[in-house]
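One-letter residues, chain by chain:
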Amino acid sequence: MPKQRFNLKTGLTTIELMVAFAVGIMIFAGVTVLLVDSQRGWNRMYSRLYSDVVTDSFIVRKTFDSIVRKSASAYSSIDDEGSWLEVCYYADEFSVVPDLYARFYESDGDLNIEYGTLDPKQTTSVQTICSNVVNCVFKKVGTSAQMILTTEEDSQQITTITSAVMHN
Amino acid sequence: MKFKRFTGSSLIEVMLAAAVVSVAVIGGISYRYYSSLDGRRANIHATTARVALMLCESWGGTNGSLTYDPVTHLDSDSLTITADDGPAAPADFTTLSSHKLIVSNITCYATLSFKDVDTGLRALNVRVAWQRRDQSDKDLSDMDSVFELNSYVCW
């Protein structure tokens, strides 16, 4: 009776192992690159929406808008170079003339608002509403006032344009 | 004695797996591409809308003066305004001026127009044309979107 031979392949050959290893490395590298790039993209998107310069820009727009829109245009004044803007407004409904003022100006990279009374002219407080200011210029056209503000942080630069109309 | 052993995957199985992986990869890349593109479009849209609002309010601040000139009043280091062509004004409106504006490397074109709707009542219209896909310096003919604002003033 002839001997029966079983040529069973069990396990993997070297070639198969190397191919599997190469494919595994490629998949691992691809997934790693994808994850790292996704994380970077997420960070970029997050900073585009929530970084300091973006939130500062939002606060500046809201603050400028709320103060200028309640101001009397006849009492406002502006620097010839546009480096500061001063607006006057009523303290309450019983005021017959504007009795408070707010002065917007840039100093050492900060955008400040100086609040005070008009009679007597006295500063009551100074509030910094924005930092990292690269350029800030104010304009006044008729009864409207504009602010063009450029801020920069971590190579992210934002130009904020805001405009508001004062009342008479 | 026969041994019928199936080891490994068939060609169909491999191709199916490759197709599924390809769809997943293309989907992921497309998602990231379009989310980034939409973010950029939103940024351009918001910027041009603010430009239009500023033009409208500064012109309105002069009670719709016919001598209003944005170049004189608003041009600065961060906002470049030059006289140029602009989008067409609405029907029945008279064009005051057209301009090219560049802010944060975003180029847009604006046209200011007006219409006296009644005695002492003037309608102001500001149209700003911008390009959704590319924000670099382009001609007016490349602009594919228009943002429009109307305001009324007594004069």
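Residues numbered from 1 in each chain as written. Chains lettered and ligands numbered in written order. Predicted model: local features only at pLDDT ≥ 70, side-chain atom pairs only at ≥ 80, totals over all residues.

Examining the overall build of chain A
Along its length, chain A carries two helices and eight strands. For chain A, the sequential pattern of α-helices and β-strands runs α-α-β-β-β-β-β-β-β-β. Its C-alpha atoms give chain A a radius of gyration of 32 Å, more than 25% over the compact-globule value 15 Å for 168 residues. Projected onto its principal axes, the C-alpha coordinates of chain A cover approximately 125 × 30 × 30 Å. Counting only residues that meet the buried cut, chain A has 27% of its 168 residues in that class. When contacts within chain A are restricted to residue pairs at least 6 apart in sequence, long-range pairs at least 24 apart make up 39% of them. (Helix = DSSP H or I, 4+ residues; strand = E, 2+ residues; numbered from the N terminus. Rg over C-alpha atoms; globule rule 2.2 N^0.38 Å. Buried ≥ 20, exposed ≤ 12 C-beta atoms within 10 Å, placed from the backbone. Contact = placed C-beta atoms within 7 Å.)

A closer look at unusual backbone geometry
All names here are of chain A. The step from aspartate 119 to proline 120 runs through a cis peptide bond, and the omega angle for that step is 0 degrees. You can see proline 120 is positioned in the loop between strand 4 (110–118) and strand 5 (121–130). The backbone phi angle of asparagine 132 is positive, close to 60 degrees, even though this residue is not glycine. In this structure, asparagine 132 sits in the loop between strand 5 and strand 6 (133–141). On the basis of neighbour count, asparagine 132 is assigned to the partly exposed category, with 18 C-beta atoms found within 10 Å.

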